[in-house]
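The primary structure of each chain is shown beneath.
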Amino acid sequence: MAFPHRPDAPELPDFSMLKRLARDQLIYLLEQLPGKKDLFIEADLMSPLDRIANVSILKQHEVDKLYKVENKPALSSSLVNADKLAGRTRKYKVIFSPQKFYACEMVLEEEGIYGDVSCDEWAFSLLPLDVDLLSMELPEFFRDYFLEGDQRWINTVAQALHLLSTLYGPFPNCYGIGRCAKMAYELWRNLEEEEDGETKGRRPEIGHIFLLDRDVDFVTALCSQVVYEGLVDDTFRIKCGSVDFGPEVTSSDKSLKVLLNAEDKVFNEIRNEHFSNVFGFLSQKARNLQAQYDRRRGMDIKQMKNFVSQELKGLKQEHRLLSLHIGACESIMKKKTKQDFQELIKTEHALLEGFNIRESTSYIEEHIDRQVSPIESLRLMCLLSITENGDARCSLDTHYGPEHLLTFSNLRRAGLLTEQAPGDTLTAVESKVSKLVTDKAAGKITDAFSSLAKRSNFRAISKKLNLIPRVDGEYDLKVPRDMAYVFSGAYVPLSCRIIEQVLERRSWQGLDEVVRLLNCSDFAFTDMTKEDKASSESLRLILVVFLGGCTFSEISALRFLGREKGYRFIFLTTAVTNSARLMEAMSEVKA
Amino acid sequence: TTGLILFFQSGRPLGAGVRLGMGLRMNRTKGDEEEYWNSSKFKAFTFDDEDDELSQLKESKRAVNSLRDFVDDDDDDDDLERVSWSGEPVGSISWSIKETAGNSGSSHEGREQLKSRNSFSSYAQLPKPTSTYSLSSFFRGRTRPGSFQSLSDALSDTPAKSYAPELGRPKGEYRVSYSIHWLFFCQVCSLERFRSLQDKLQLLEEAVSMHDGNVITAVLIFLKRTLSKEILFRELEVRQVALRHLIHFLKEIGDQKLLLDLFRFLDRTEELALSHYREHLNIRDPDKRKEFLKTCIGLPFSAEDSAHIQDHYTLLERQIIIEANDRHLESAGQTEIFRKHPRKASILNMPLVTTLFYSCFYHYTEAEGTFSSPINLKKTFKIPDKQYVLTALAARAKLRAWNDVDALFTTKNWLGYTKKRAPIGFHRVVEILHKNNAPVQILQEYVNLVEDVDTKLNLATKFKCHDVVIDTCRDLKDRQQLLAYRSKVDKGSAEEEKIDALLSSSQIRWKN
């Protein structure tokens, strides 16, 4: 269980500094408006803020009352304008996090309160959720960029990377794939050149950085997760590193908010495990615990005193954690049994491997007929469509309300549902348009269109990269042999395989065909600098940046790869995601 | 209080109100649907092979629970709540706000003060942050004196590399580069002096080549204000990246009119239609919504979507009639079905299948001529047979109307013989019946109709239809399986007797 790291695995940098920086800046901003003040916090910002500061810090800096805001513009303008009408004078400050947009200022101007309020930015864009996981907590990145084509967050990403290189030294080796990855990289490089010298002379702490767009691999994110952490996320929704376990888990009448990270010793040992291993582990743990408690029988007074003062606390802690995770497992089992999970997984595997397509299709249709859940059905349809490279639209509208045709249109635009043959029409438009404009602009249009015309070549890519392991006999999930274990041995996550291959080669060499099939010919890049200053330890530290979100399954798979190869991976994601979040982001009808 | 601070996650400058309203509505709808559909609470585990693991899990749970007495004796219950595994208080700010679910929307009701909870004071004071990085060094990265640097560099004709205009460009372009540079770094910049179209376009090109969406949008706001929409649209048509930013911007600020004009100009008819159609989500009043949907019929949707729009309109029209009628019936209190099973929610705006379920539940026996009859719905909306049967089965089973269930699967051939037939397969029928707590006799009847012997045996075992299991084993002449099954029935029960009788029978030629 819980494989140890290789003895030569490098130490992770200390990311708690990021929290301190964010806290310092927050305090600085609070002090910009001296005296007593009320604070209105937008709902989405509360959980991240919680991880940085607490009420007492706010109180220390003279925050009087706290309010939760769900409706931004109406609030700011109505607040200020109401005060104006009442003849009350106050000072107002609007703090945008992580950055201020011109569009927001325009709104303030239009509402007639520009000038009455002062605007600031709280550049809080990197939240360390765990020792190896940094989240930008920008779930909206996915929809904004991959659906709407809005590049507003690219600068935020570039700033975050810039901050990291300021704190942890330059990255000697950079790789990336995806249109957004390339743009973020270029913008980041511009920033670095602007401030040339700041990072100069620093020893790099992290040897490699790998940027990857979510749309390079939708398939992995669409799969049901079966490693423990992923399953907890799919079932209970981990939010900002913590989860709300309801009464069904805590076996009491209370819900419990629990932080899930490496500090939780029980969780840390099972988080990356395939779910089928978790039971055995937990029962073993329970037996050990029992044995340790039992030792107190037959102790004399002195030993007992020792036991109580030294061990009892730890045992109690472990006991609490154990009963929580056992409760969580039980609850997961109940929910999954109800959903016919086994059959669902079987269908997913069939889709990934590309056999029994007709059966899978009819399973999905039945799934829809049975009204299981719109999000689930959408997810399966997308999976079918991408793996089979065809439009798999069923009569979902009838079942979940006609508004879903808006959602379908969104899924198509984002490339989650692929069209049957869009190529020809697009080429025609493209060539017509290119005749009208200069060469430079034409190039850009081609870019824009190629992302629109994206066809999924999943089957071919899967073959090229060997994503479906050939298994003789049973795949032993207790002793995984490759990253496929995160999907029960059926499929190696495409995103992780790409990263593995590139790191092995230290370039994209020999991967041309794969890159072409991914429609990323113009967006796969490498950039190496001289490695003379990088220690061999730092060269085994890799920062992976997921633009548009990564899943816990991918994190587990790369942690596994790290253990195999003696690397350590650090994850930077715009947000932790899963299939349901992807589908909800595309949904026009928020369920 | 002298000051107010508002904290926003940036982006989404507008439109949040709309989105919020929608969210609320959908939440309700979803809950209601589940009310209709959740036929029963989850029963015992009967998951195929997982029995062993579950019992293992249960065992560990027992073990852990048995320790509780010892563990809890000197512990207060709340300890769990405060335990913090990362060394910081869990849920402090969200927790303190949670209680005032006030939506500080358009009015003052959201401004009601948070209940100040006495536990505020109980928060331990965190030590002052001891960052090695001073504030000033951190802010340098953000407020960027560096950009002043490069500006003066630029003025002294040695501009920073990346934003340097290429030599030999006309002078105007210098200004463009600097402005974009300013927009990017300094965030205060007037674009008013760019009055020629060429300058404006140059500005846009520079912004796009920088990749920062915020800057692109800033330039677009300026162009939108200073160019006629025809010129703006014409220029954006060949600049797709900028075009997408403008579309998103218009969506966000809710400038529907300009958005529709833009789609019309671009000849994107389908997007135009969808955009128009999307507006119905903001209309609460059912009659107004219906009228609005009517205006959507005939818009240039794809053929498939067109049919759905038409159906959407027809469905809502129906629902309005049914709703008025049923609300009246319910409040009159004369109709048995409504008295026994009061409606949990209105049927307005529900999906078609939910509507069908509703009508199978409340209006099953109505003649085809009425709007609310299930058969009428089936015909009007061309609901496939499978879907119809599934829905009707779920509804009738929930009402425990077993005769209706029986009739649903009974067909007569031309000779008048009756035959059982299920388009969805009897295994599915059995599962649905089980979910609705059908009695064993009923279940048994349908398990027996499952054609595939293995499936039949599995289902019978899963749902404890002992007779079916026993008879099937007998028919299969599978002595071993029968013997194994003996241990699963109650001691001394009729089933055990039956098994014993079979096992000792000399008339069966067992295959094993």
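Residues numbered from 1 in each chain as written. Chains lettered and ligands numbered in written order. Predicted model: local features only at pLDDT ≥ 70, side-chain atom pairs only at ≥ 80, totals over all residues. Heavy atoms only, no water.

Looking at an unreviewed UniProt entry, one finds chain B named Spermatogenesis-defective protein 39 homolog and attributed to Rhinopithecus roxellana.

Per an unreviewed UniProt entry, chain A goes by the name VPS33B late endosome and lysosome associated and belongs to Rhinopithecus roxellana. According to UniProt, the comment filed for chain A under the heading Sequence similarities (unreviewed entry) is "Belongs to the STXBP/unc-18/SEC1 family." (UniProt positions renumbered as here; feature names shortened; annotations may be inferred.)

Asks: Honestly, the side chain of Asp264 of chain A in this entry has me stumped. Any pointers?
Replies: Tracing the backbone shows Asp264 of chain A in the loop between strand S10 (256–259) and helix H12 (265–270). Within the structure, the side chain of Asp264 of chain A is placed 3.0 Å from the backbone nitrogen of Phe267 of chain A, a separation counted as a polar contact. (Helix = DSSP H or I, 4+ residues; strand = E, 2+ residues; numbered from the N terminus. Polar contact = N/O pair within 3.5 Å; in protein donor to acceptor, adjacent residues only side chain to side chain.)

Asks: Please clarify how the domain arrangement of chain A should be interpreted in this entry.
Replies: How big an interface is tends to be expressed through the accessible area that disappears when the partners come together. Residues and elements named next belong to chain A. Under the domain assignment used here, chain A contains domain 1 (15–124), domain 2 (128–217 + 492–586), domain 3 (228–337) and domain 4 (341–418). A straight line from the C-alpha centre of domain 1 to that of domain 3 covers 39 Å. Listed by partner, the interface residues are four residues for domain 1 and six residues for domain 3. Summing both sides of the interface, domain 1 and domain 3 together bury roughly 340 Å²; the carbon and sulfur share of this comes to 48%. When the buried surface of domain 1 facing domain 3 is broken down by residue, Ser47, Pro48 and Arg51 rank first, second and third, together holding 91% of it. Inspection of the region where domain 1 meets domain 3 yields zero salt bridges. Scanning the region where domain 1 abuts domain 3 turns up one residue pair in polar contact (both at pLDDT 80 or more). Here the side of domain 1 that touches domain 3 is composed, by residue class, of one nonpolar, one polar and two charged. (Domains from an automatic or database assignment. Contact = heavy atoms within 4.5 Å. Buried area = accessible area lost by both parts, 1.4 Å probe. Salt bridge = Lys/Arg side-chain N within 4 Å of Asp/Glu carboxyl O. Nonpolar A, V, L, I, M, F, W, Y, C, P; charged D, E, K, R; others polar.)

Asks: Looking at this structure, how should I read the confidence of the model for chain B?
Replies: Caution is warranted with low-pLDDT regions, since their predicted coordinates should not be read in detail. All names here are of chain B. Taken as a whole, chain B shows an average pLDDT of 72; of its residues, 65% reach a score of 70 or greater. Throughout residues 98–171 the model reports pLDDT below 50, and contacts reaching past four residues in sequence, or to other chains, amount to 113 contacts. Predicted as a complex, the structure gets a pTM of 0.79 and an ipTM equal to 0.88. (pLDDT = per-residue confidence, 0-100.)

Asks: Sorry, what's going on with the pairing of strand S12 (residues 541–547) of chain A here?
Replies: Regular strands place side chains that alternate from one sheet face to the opposite one. Residue and element names in this part refer to chain A. In terms of residue burial, S12 counts as a mostly covered element, since seven of its seven residues are buried. Here S12 shows two buried faces, one formed by Leu541, Leu543, Val545 and Leu547 and the other by Ile542, Val544 and Phe546. Of the pairings in the sheet, the one linking strand S8 (residues 208–213) to S12 comprises six bridges and is parallel in character. Across the sheet, the residue bridging to Asp213 is Leu547, located in S12. Pairing between S12 and strand S13 (residues 568–573): six bridges, direction parallel. Among the inter-strand pairings, Val545 is bridged to a residue of S13, identified as Leu572. Note that the unit made of S12, helix H25 (residues 552–565) and S13 has a crossover that is right-handed. (Buried < 20%, exposed > 50% of the residue type's maximum accessible area, 1.4 Å probe, protein only. Pairing = 2+ DSSP bridges. Right-handed = clockwise from strand over helix to strand, strands pointing away.)

Asks: Please explain the UniProt feature "domain: Vps16 C-terminal" (unreviewed entry) in chain B as it appears in this structure.
Replies: UniProt's entry tags residues 197–296 of chain B with the feature "domain: Vps16 C-terminal" (unreviewed entry), counted in the numbering of this structure. Secondary structure content for residues 197–296 of chain B is 83% helix and 0% strand, while the C-alpha to C-alpha distance between its ends is 38 Å.

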